[in-house]
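Structure assessment
If you want the building blocks of each chain, they are given just below.
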Amino acid sequence: MSVNVSFIGLGVMGYPMAGHLQNAGFATCVYNRTTEKAKRWAEQYKGTFAETPKQAAENADFVFLCVGNDDDLRSVMYGEQGVLAGCKRDAIIVDHTTTSAEVAIEIAARAQEQGNAFIDAPVSGGQAGAENGVLTVMCGGDDAAYEKAKPIMAAFSQFTQLLGGVGAGQRCKMVNQICIAGLVQGLAEGLHFAKKAGLDGDKVIETIAKGAAGSWQMENRHQTMWRGEYEFGFAVDWMRKDLGIALDEARKNGARTPVTALVDQFYSEVQALGGGRYDTSSLLARLEKFDN
């Protein structure tokens, strides 16, 4: 039996993710606020596009979304032309946007009222992970719905995990971003120290990367950081959005996150330097500005 899917949101993540679905043999219909981009995707991948979220969802067994934030998600889900207005009964909605847990729970309740399951499923792996189809997907929702969606998500992921009920995926993504923030700041300070000490950056990293200090950030970002190259990757603006969500959740659940709060402020300084679209590794640029 053929499976029809739709994908809402063709940003740097959604565009290739939807492409992987189409290439995997799932009949894919896309929607994007900029229709020209949706048309371009349809031409490139031989899929179809819709003029509204409702139209995209109407024939879909699975509706995937990857938009900007809570407000963006609500704007495509609700209303006469929204996803919920178009979903057939028993369709499964999978949201890959990084949002608050609250909006996931809210939309899941609305979806359930009309016979649709909702899975919050934020991703990690960045633009490169989306393009190469090797994302990690953190899910919250119903077991049965997750098991149905898992083989579809395999088109663009290397690992998926159900963490619990609706909202658990978003909370896991918060943990992910909290850990990244501390790691990148530590790497930035280490490289800054190495420069001040007159060390060879490549040799330092080659020496320590295989030990306890090693990380994905170190392996994939140390060379560009050393050269001061930041015009790529996961933008500081988006990281601050994610950290804001995590810090807000921490205030609600009582978690103490002093390092995360501090790094969030460091990122605000990078924004003030004009680096809102810089990669998150640009924390080193903030340290080096004090040398000038």
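These lines cover the structure that appears in this document, whether it is placed above or below.

Cut-offs applied
- Along each chain, numbering runs from 1 in the same order as the chain's sequence is written.
- It should be noted that, the model being predicted, local features are given only for residues of pLDDT at least 70 and side-chain atom pairs only at 80 or more, the latter also being counted only at that level, while totals for whole chains, interfaces and linings use all residues.
- Side-chain numbers come from the whole structure's heavy atoms, not from hydrogens or water.
- We count a stretch as a helix when DSSP gives it H or I for four or more residues in a row; a strand needs E for two or more, and each element gets its number in order from the N terminus.
- Only protein chains enter the area calculation, which uses a 1.4 Å probe; residues under 20% of their type maximum are buried, those over 50% are exposed, and those in between are partly exposed.
- Only heavy atoms matter for contacts: two residues are in contact if any of them lie within 4.5 Å across the pair.
- When two rings of Phe, Tyr or Trp (its six-membered ring) have centres within 6.5 Å they constitute a pair, described as stacked for plane angles under 30 degrees, edge-to-face for angles over 60, and tilted for the intermediate range.
- Both a distance and an angle decide whether a charge sits over a ring: NZ of Lys or CZ of Arg must be within 6 Å of the ring centre and within 35 degrees of the ring normal.
- Grouping buried Ala, Val, Leu, Ile, Met, Phe, Trp, Tyr and Cys residues that are joined through side-chain atoms within 4.5 Å yields what is termed a nonpolar core.

Here we look at the overall build of the chain
Along the chain, the regular secondary structure elements total 14 helices and nine strands. Projecting the C-alpha coordinates of the chain onto the three principal axes gives extents of approximately 65 × 45 × 35 Å. When the 292 residues of the chain are sorted by exposure, 51% land in the buried category. Considering only contacts in the chain between residues 6 or more positions apart, those separated by 24 or more positions represent 66%.

What to know about the environment of A108
Inspection of the secondary structure puts A108 in helix α6 (residues 101-113). Once residues lying within four places of it in the same chain are set aside, the contact partners of A108 are F118 and V166.

Section: the packing of aromatic side chains
Within the structure shown, the criterion is met by six aromatic pairs. Pairing W41 with Y45 gives two aromatic rings, centres 5.3 Å apart and planes at 35 degrees, and the pair type is tilted. Taken together, the positions of W41 and Y45, both in helix α2 (residues 35-45) and four residues apart, correspond to about one turn of that helix. Judged by its relative accessible area of 0%, W41 is buried. On the basis of relative accessibility, which here comes to 17%, the residue Y45 falls in the buried class. One aromatic cluster is present, formed by F7, F62, F64 and F156 through successive ring pairs. Lying over the aromatic face of Y78, R110 brings its terminal NZ or CZ to 4.1 Å of the ring centre. A cation over a ring is seen here: R286 above F266, with NZ or CZ 3.6 Å from the ring centre.

Some remarks on the environment of I152
Tracing the chain through its elements places I152 in helix α8 (residues 143-153). Those residues in contact with I152 that sit more than four places away from it in its chain are V3, V5, L21, F26, F62 and F64.

Considerations on the nonpolar core
By size, the foremost hydrophobic cluster in this structure holds 34 residues, and its most contacted members are L21, F64, I119 and M153. Broken down by element, the residue count for this core peaks at five residues, all from α8. Each residue touching M153, except ones within four places of it in the same chain, is listed here: F64, V94, H96, V137, C139, Y146 and T160. Counting residues in hydrophobic clusters, the runner-up holds 23 residues, among them I8, V63, I93 and A111.

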